[in-house]
Amino acid sequence: MALLNFKRKEADLPMRPRADVEAFLKDYSIEVMPRTAEKVEDFPALLPAGTRVYIAHIEGTPIEDMVATAARLNADGYKVMPHFPARIIKDRATLADWIARYQGEADVKQALLLAGGVAQPHGDFDSSMQLMETGLFDEAGFERLHVAGHPEGNRDIDTDGTMKNVTAALRWKNDFQSRTDAKLAIATQFAFEAKPIIKWADSLAAEGITLPIHIGIAGPAKLQTLIKFAIACGVGPSLKVLQKRARDVTKLLLPFEPTDVIGELAAHKAANPDFNITNVHFFPLGGIKTNATWAIDNGGSSAVPAKT
C-alpha cells in the first residue's frame, strides 16, 4: 500500500518575517523600570544576549533600586543604559555619586541623558547639556551617551509648537560629539505613524545633524493603554492613528501592534540605506514579555531557551 504524503496548508505554516523588517529590528533596544523588571523572572528567556536595556529613572525611584536593576541586567549579559534625568539630580556631587555607584556595582558604561519630566529642577541641573558639560561621564570613561529626541516636538521645550528649541539642542549635542570623543545617538519618544517620523529624521539631516537615531516605538498593548500613555507623554499628530482605530468597534478590544509603522520605516530604510534611523527602541507599554515575543516573532534575534 502506497504511503500518503500530506502537505500542510500554506495557512498553517509559520509566516517568515520580512527581510527588511528583520534587518530593521537588528540590535533593537528596550526600556524597563525597576518595578517592571522585578516581575521578569528570566530576562535571557525573553531578550537576545547583548540587547541594550535602558532603565527609566522615574522621580521618586531610589538610586539603590536603579543600581540593583542595572547590576542584575549586567550579570545577565545585557548592555545597561540607565537614565540620568537632569532635573532630579541635586548637584554635581550627586551626579558623581550616581556614576560611581553604577560603575562600581553594575559596570555601567552607557547612559541616556535627558532633562526629565519634572516641571521644577530639584537642584543645579535643568538640561542634559549641563550634565554633559560637567565632564564627569568622560572622566568616568563612559563609552556611549544617548540623548532624547522628539519626532513630533515637545511642548514643554517649544511652547509655540515649533521645533526651534529642540532642534537647536540637538545641534549643540551634534557639535559636542564633533569636539569630544563622545559617541552619541538620539533615542526618541514613541510615535505611531511613519511619515512624520521620516520627515523629522530628514529635517535633522538637512540641518547637518548626523547623530544616528534610535526610533522610539510603543510595543503591543491595549489601545486604551497606548492612548493614555500617548496623551501623558505629549505624542502629537500620530495620536490620530490610535483615535481612528478606537472608532472601529471591531478593533477596540484587540491589542495594537507596531506592525504598520515598523513595516513602513523598514521599507524606507531598505530603499534608502543612508537613512539616519539606525535602530529601534521599544517602550514595552503592554509588558516586557509581550513586547519581546512580538520582536522575536517579527525577526528580532531569538532569546535563549527558558531555564528549567
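Basis of the calculations
Residues numbered from 1 in each chain as written. Predicted model: local features only at pLDDT ≥ 70, side-chain atom pairs only at ≥ 80, totals over all residues. Heavy atoms only, no water. Pairing = 2+ DSSP bridges. Helix = DSSP H or I, 4+ residues; strand = E, 2+ residues; numbered from the N terminus. Axes fitted to C-alpha atoms, helices over the stretch in contact; angles between N-to-C directions. Contact = heavy atoms within 4.5 Å. Buried < 20%, exposed > 50% of the residue type's maximum accessible area, 1.4 Å probe, protein only. pLDDT = per-residue confidence, 0-100. Salt bridge = Lys/Arg side-chain N within 4 Å of Asp/Glu carboxyl O. Core = buried A, V, L, I, M, F, W, Y, C linked by side-chain atoms within 4.5 Å.

1. Describing the sheet that holds strand β4 (residues 110-114)
Part 1: The eight strands are arranged β1-β2-β3-β4-β5-β6-β7-β8 in a closed barrel whose pairing can be described as parallel. The average angle at which neighbouring strand axes cross in this sheet is 30°, direction not considered.
Part 2: Along the sheet, helix α8 (residues 194-206) contacts β5 (144-149), β6 (184-190), β7 (213-218) and β8 (277-283); its crossing angle with β7, the most-contacted strand, is approximately 160°.

2. Here we look at unusual backbone geometry
Part 1: In this model, Asp27 sits at a positive phi of 60°, which is unusual for a non-glycine residue.
Part 2: With respect to the secondary-structure elements, Asp27 resides in the loop between α1 (19-24) and β1 (29-32).
Part 3: By relative accessible area, Asp27 is classed as exposed at 53%.
Part 4: A positive phi angle is found at Asp107, which is not glycine, with a value near 55°.
Part 5: Tracing the backbone shows Asp107 in the loop between α4 (92-106) and β4.
Part 6: Since its relative accessible area comes to 44%, Asp107 is described here as partly exposed.

3. Overview of the confidence of the model for the protein
Part 1: Averaged over every residue, the pLDDT of the protein is 89; the share at 70 or more is 88%.
Part 2: Considering only residues more than four positions removed or in separate chains, one finds that residues 1-12, a stretch of pLDDT under 50, has two contacts.

4. Describing the pairing of β5
Part 1: In terms of strand pairing, β4 meets β5 through four bridges, oriented parallel. Each residue of the ladder has a partner; that of Gln110, found in β5, is Arg144.
Part 2: By the bridge criterion, five bridges tie β5 to β6 in an arrangement that is parallel. The residue bridging Ala148 from the neighbouring strand is Ala187, located in β6.

5. Remarks on the pattern of salt bridges
Part 1: Within this structure, the stated rule accounts for seven salt bridges.
Part 2: Salt-bridge contacts for Asp20 lead to Arg18; the nearest nitrogen and oxygen are separated by 2.7 Å.
Part 3: For Glu264, the salt bridge is made with Lys195, and the minimal N-O distance between the two is 3.0 Å. With a gap of 69 residues between them, Glu264 in helix α11 (residues 259-271) and Lys195 in helix α8 connect regions that are remote in the sequence.
Part 4: Residue class for Glu264 comes out partly exposed when judged on its relative accessible area of 33%.
Part 5: Through salt bridges with shared partners, a single ionic network connects Glu64, Asp97 and Arg101.

6. Remarks on the side chain of His150
Part 1: Within the element layout of this structure, His150 appears in the loop between β5 and α7 (164-179).
Part 2: Excluding anything up to four places from it in sequence, His150 contacts Ile157, Met163, Val166, Gln189 and Trp200.

7. Concerning the nonpolar core
Part 1: Counting 69 residues, the largest nonpolar core has Phe84, Phe137, Ile262 and Phe282 as the members making the most contacts within it.
Part 2: When residues of this core are assigned to their parent elements, the largest contribution, six residues, is made by α8.
Part 3: Those residues in contact with Phe282 that lie beyond four places of it in its chain are Leu25, Tyr28, Ser29, Ile30, Glu31, Ile217, Gly219, Ile262, Asn291, Trp294 and Ala295.
Part 4: With twelve residues, the next largest nonpolar core counts Phe192, Ala218, Ala230 and Leu285 among its residues.

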